Amino acid sequence: MRKITTRQLTFAALFAALAVLLSLYPFTFYIVPSVRITFRELPIYLCSVTLGPVLGGLCSFIADLCGTFITNSGNAWNPLFALDAVLIGVLPGLIYRLLIPHMKRIWSTVVSIASTNVTVSLFLATLWLYILGFNGGLSYWALLLSRLPLTAIMTVVHIILIMLLEPLARRAIEGRKTN
């Protein structure tokens, strides 16, 4: 197991703070109660891909916990959505690390972000919304289909932004100067 440095822990905390900031009202747009546009996951994905699944999961859990108390959305902290948050932090880094020796960086990023978004943001989050009654009277599959287009669009947006920001984040974490 690799040793976690102070620099890495500091960047994980910065990523968590940025995720909380991006979950606030001006940066989150609700289409309907169960469908929202947010870039909250972007710093979590960056943390997971650059710092690894352990710090990614920790960063995401802390961002979820702090975000719940700071945003005051009227909802209590929910362990089901906390599980989603941890998975969003762990899966991209884990999949990326498994694939990077075998694939180019672009394909490792595409597979890790797309598989995480489909598994967590589409299937699991929809299941939790359905179980908790935020379904508007829809069945699970109807709710899933209503969330599918936005999840697909946000997956593409996340992949593009991660491809652009990941090299910059790596340079900053490693302490190299950018040109």
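Going by the structure above, here's the rest.
For the structure given in this document, a descriptive report is provided here. (Residues numbered from 1 in each chain as written. Predicted model: local features only at pLDDT ≥ 70, side-chain atom pairs only at ≥ 80, totals over all residues. Heavy atoms only, no water.)

**Concerning the nonpolar core**
Inference 1: Residues Phe15, Ile44, Cys47, Leu51, Cys59, Ala63 and Ile162 are the most contacted members of the largest nonpolar core, which totals 24 residues.
Inference 2: At the level of secondary structure, the elements contributing two or more residues to this core comprise α1 (6–22), α2 (41–51), α3 (53–71), α4 (79–99), α5 (105–132) and α6 (140–174).
Inference 3: Excluding its chain neighbours within four sequence positions, the residues that come into contact with Ile162 are Leu42, Tyr45, Leu46, Thr109, Ile113 and Pro167. (Core = buried A, V, L, I, M, F, W, Y, C linked by side-chain atoms within 4.5 Å. Buried < 20%, exposed > 50% of the residue type's maximum accessible area, 1.4 Å probe, protein only. Helix = DSSP H or I, 4+ residues; strand = E, 2+ residues; numbered from the N terminus. Contact = heavy atoms within 4.5 Å.)

**Considering the packing of α5 against α6**
Inference 1: Two elements in contact, α5 and α6, have axes separated by 8 Å at closest approach and are oriented at 150°. Considered as vectors, α5 and α6 are oriented roughly antiparallel to each other. Two packed elements cross with a definite hand, and for α5 against α6 that hand is right-handed.
Inference 2: When grouped by side-chain class, the residues that make up the contact of α5 with α6 number 20 nonpolar, seven polar and three charged. (Axes fitted to C-alpha atoms, helices over the stretch in contact; angles between N-to-C directions. Parallel < 35°, antiparallel > 145°, perpendicular 65-115°, else oblique. Left-handed = near helix turned anticlockwise from the far one by under 90°. Nonpolar A, V, L, I, M, F, W, Y, C, P; charged D, E, K, R; others polar.)

**As for the pattern of salt bridges**
Inference 1: Within this structure, the stated rule accounts for two salt bridges.
Inference 2: Linking Arg105 and Glu166 is a salt bridge whose minimum nitrogen-to-oxygen distance equals 2.6 Å. Of this pair, Arg105 sits in helix α5 while Glu166 sits in helix α6; the two residues are 61 residues apart in sequence, bridging distant segments of the chain.
Inference 3: One salt bridge in this structure joins Glu166 and Arg170, with 2.3 Å as the shortest N-O distance. (Salt bridge = Lys/Arg side-chain N within 4 Å of Asp/Glu carboxyl O.)

**Examining the environment of Ser48**
Inference 1: With respect to the helices and strands, Ser48 occurs in helix α2.
Inference 2: Those residues within four positions of Ser48 in sequence are excluded, and the remaining contacts are Pro53, Gly56, Gly89, Val90, Pro92 and Gly93.

**A word on α2**
Inference 1: Where burial is concerned, most of α2 is hidden: eleven out of the eleven residues are buried.
Inference 2: Within the span of α2, buried status applies to Glu41, Leu42, Pro43, Ile44, Tyr45, Leu46, Cys47, Ser48, Val49, Thr50 and Leu51.

**Some points on the side chain of Thr151**
Inference 1: Checked against the element boundaries, Thr151 lands in helix α6.
Inference 2: Not counting residues up to four positions away in its chain, the partners in contact with Thr151 are Asn117 and Leu122.

**Looking at the packing of aromatic side chains**
Inference 1: Considering all chains together, one arrives at two aromatic pairs under this definition.
Inference 2: Note on Tyr140 and Trp141: the rings are 5.0 Å apart at their centroids and 80° apart in plane angle, and the pair reads as edge-to-face.
Inference 3: These aromatic residues form a ring-pair network of at least three members: Tyr130, Tyr140 and Trp141. (Phe/Tyr/Trp six-rings, centres within 6.5 Å; stacked < 30°, edge-to-face > 60°.)

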